[in-house]
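# What the coordinates show
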Amino acid sequence: MNTMASPRSSAGLARWASLGGILYVVLFVVGTILLYSGAPDSSSSPAKIIAYYSKSSHRDRISIGWIVAGLGVFFFLWFLSSLRRTVRRHEGEDGFLTALTTIGGAVYATLAFGAIAINTGIRTMSDDTYHHTVYPGLIHAADDASYIMHATGGAGASAMIIAASLAFMRSGVIRPWAGWLGIVAGILALASILFFTQAAIGLWILIVSGLLFARGARDAPGQTGAVPR
């Protein structure tokens, strides 16, 4: 008698994990608002910057923003895992686009984590300085470094978006025009140094997250090798 338990399908978990994309966008936006809302521009006078960051309530809000945004990136990893599973299913045995999707998404998440960590750590460091001294020059550097780091992650997001769009378009799971729109969004992601192009990444993640969740309800268990049309 065989007492070994048969492996359980992860289809249900993957379907709910796909909603991590929506959670990521929402939480990251909320976290960013908490991080920067009301803060003086880094080009403001040193006195204004010192006055703002000398208040513990402002530093606490930045720390809360870090937690919220970081939680958003955590949920993005669940979305990425669900996306990888779907791309692998539609791509077949080759695995090239699946690997590119996974690596690109992981690079994007890593740099996003790093960006908010650097920004939060430096902007709240007066908690640990002599007489709680605020250094405006370092805060300016933190803003620039974190923005460039997050924008650089756009290259990873671009690879993820283009690879996934190609896999879906080739399998016929989406219309060609929708696939080309995804590729355009991926190309725009390469220019994430421009703030408005970062919206293309968020919009693509929102749409794909919702579609993966909706399609998961229609996929029958045990048919992971099928290509729904």
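A brief structural summary.

Cut-off values and rules
Residues numbered from 1 in each chain as written. Predicted model: local features only at pLDDT ≥ 70, side-chain atom pairs only at ≥ 80, totals over all residues. Heavy atoms only, no water. Core = buried A, V, L, I, M, F, W, Y, C linked by side-chain atoms within 4.5 Å. Buried < 20%, exposed > 50% of the residue type's maximum accessible area, 1.4 Å probe, protein only. Helix = DSSP H or I, 4+ residues; strand = E, 2+ residues; numbered from the N terminus. Contact = heavy atoms within 4.5 Å. 1 Å grid on protein atoms, 1.4 Å probe; cavity = no way out; pocket = protein on both sides within 12 Å on 5 of 7 lines; lining within 4 Å. Points joined across faces, edges and corners; volume = space filled by probe spheres on them. Nonpolar A, V, L, I, M, F, W, Y, C, P; charged D, E, K, R; others polar. Polar contact = N/O pair within 3.5 Å; in protein donor to acceptor, adjacent residues only side chain to side chain. Patch = residues over 30% accessible without salt bridge, like charges linked within 9 Å, V, L, I, M, F, W, Y side chains within 5 Å. Areas by Shrake-Rupley, 256 points an atom, 1.4 Å probe, with all protein chains shown as cover. Salt bridge = Lys/Arg side-chain N within 4 Å of Asp/Glu carboxyl O. Axes fitted to C-alpha atoms, helices over the stretch in contact; angles between N-to-C directions. Left-handed = near helix turned anticlockwise from the far one by under 90°.

### Re the nonpolar core
As a rule of thumb, soluble globular proteins bury nonpolar side chains together. Membership of the largest hydrophobic core comes to 38 residues, with the highest contact counts inside it found for Tyr 24, Phe 76, Phe 79, Leu 83, Trp 204 and Ile 205. Breaking this core down by element, the ones donating at least two residues are helix H2 (20–36), helix H3 (46–53), helix H4 (56–91), helix H5 (96–123), helix H7 (154–171), helix H8 (176–189) and helix H9 (198–218). Here the element with the most residues in this core is H4; it accounts for eight residues. Beyond its immediate chain neighbours, meaning those up to four positions away, Trp 204 contacts Phe 79, Leu 83, Met 160, Ile 161, Ala 164, Ser 165, Gly 182 and Ala 185.

### Section: unusual backbone geometry
Here His 131, not a glycine, exhibits a phi torsion of approximately 55°, which is positive. Its location among the elements puts His 131 in the loop between H5 and helix H6 (136–152). Its identity is not glycine, yet His 132 carries a phi of approximately 55°, on the positive side. Along the chain, His 132 turns up in the loop between H5 and H6. The exposure class of His 132 is partly exposed, given its relative accessible area of 48%.

### Looking at empty space enclosed by the protein
Scanning all chains against the criterion turns up one cavity of 30 Å³ or more. Here the largest cavity defines a volume of roughly 50 Å³. Surrounding the largest cavity, Tyr 53, Ile 122, Arg 123, Met 125, Ser 126, Thr 133, Val 134, Tyr 135, Leu 138 and Ile 139 form its lining. Secondary structure elements with two or more residues in the lining of the largest cavity: H5 and H6. A breakdown of the residues in the lining of the largest cavity according to their chemical character gives seven nonpolar, two polar and one charged.

### A word on the side chain of Arg 59
With respect to the helices and strands, Arg 59 occurs in helix H4. A distance of 3.2 Å separates a polar atom in the side chain of Arg 59 from the backbone oxygen of Ser 54.

### Here we look at a nonpolar patch on the surface
A contiguous nonpolar patch, built from Leu 13, Leu 71, Phe 74, Leu 77, Trp 78 and Phe 113 and spanning about 540 Å² of accessible area, is present on the exposed surface. Top contributing element to the nonpolar patch by residue count: H4, with four residues. Within the secondary structure, Phe 113 is located in helix H5.

### Here we look at the packing of H4 against H7
Packed helices, taken two at a time, are described by their axes: the angle between them and the distance between them. Relative to each other, H4 and H7 sit at 35°, their axes nearing to 9 Å. Relative to H7, the crossing made by H4 is left-handed. Together, Phe 76, Leu 80, Leu 83, Thr 86, Val 87 and His 90 of H4 and Met 160, Ala 164, Ala 167, Phe 168 and Ser 171 of H7 make up the contact between the two elements. When the residues that make up the contact of H4 with H7 are grouped by side-chain class, the tally is eight nonpolar, three polar and no charged.

### Things to note about the environment of Ile 162
Within the secondary structure, Ile 162 is located in helix H7. A residue is classified by how much of its surface remains accessible, and Ile 162, at 23% relative accessible area, is partly exposed. As for Ile 162 and Met 125, which are separated by 37 residues in sequence, their C-alpha atoms are 39 Å apart.

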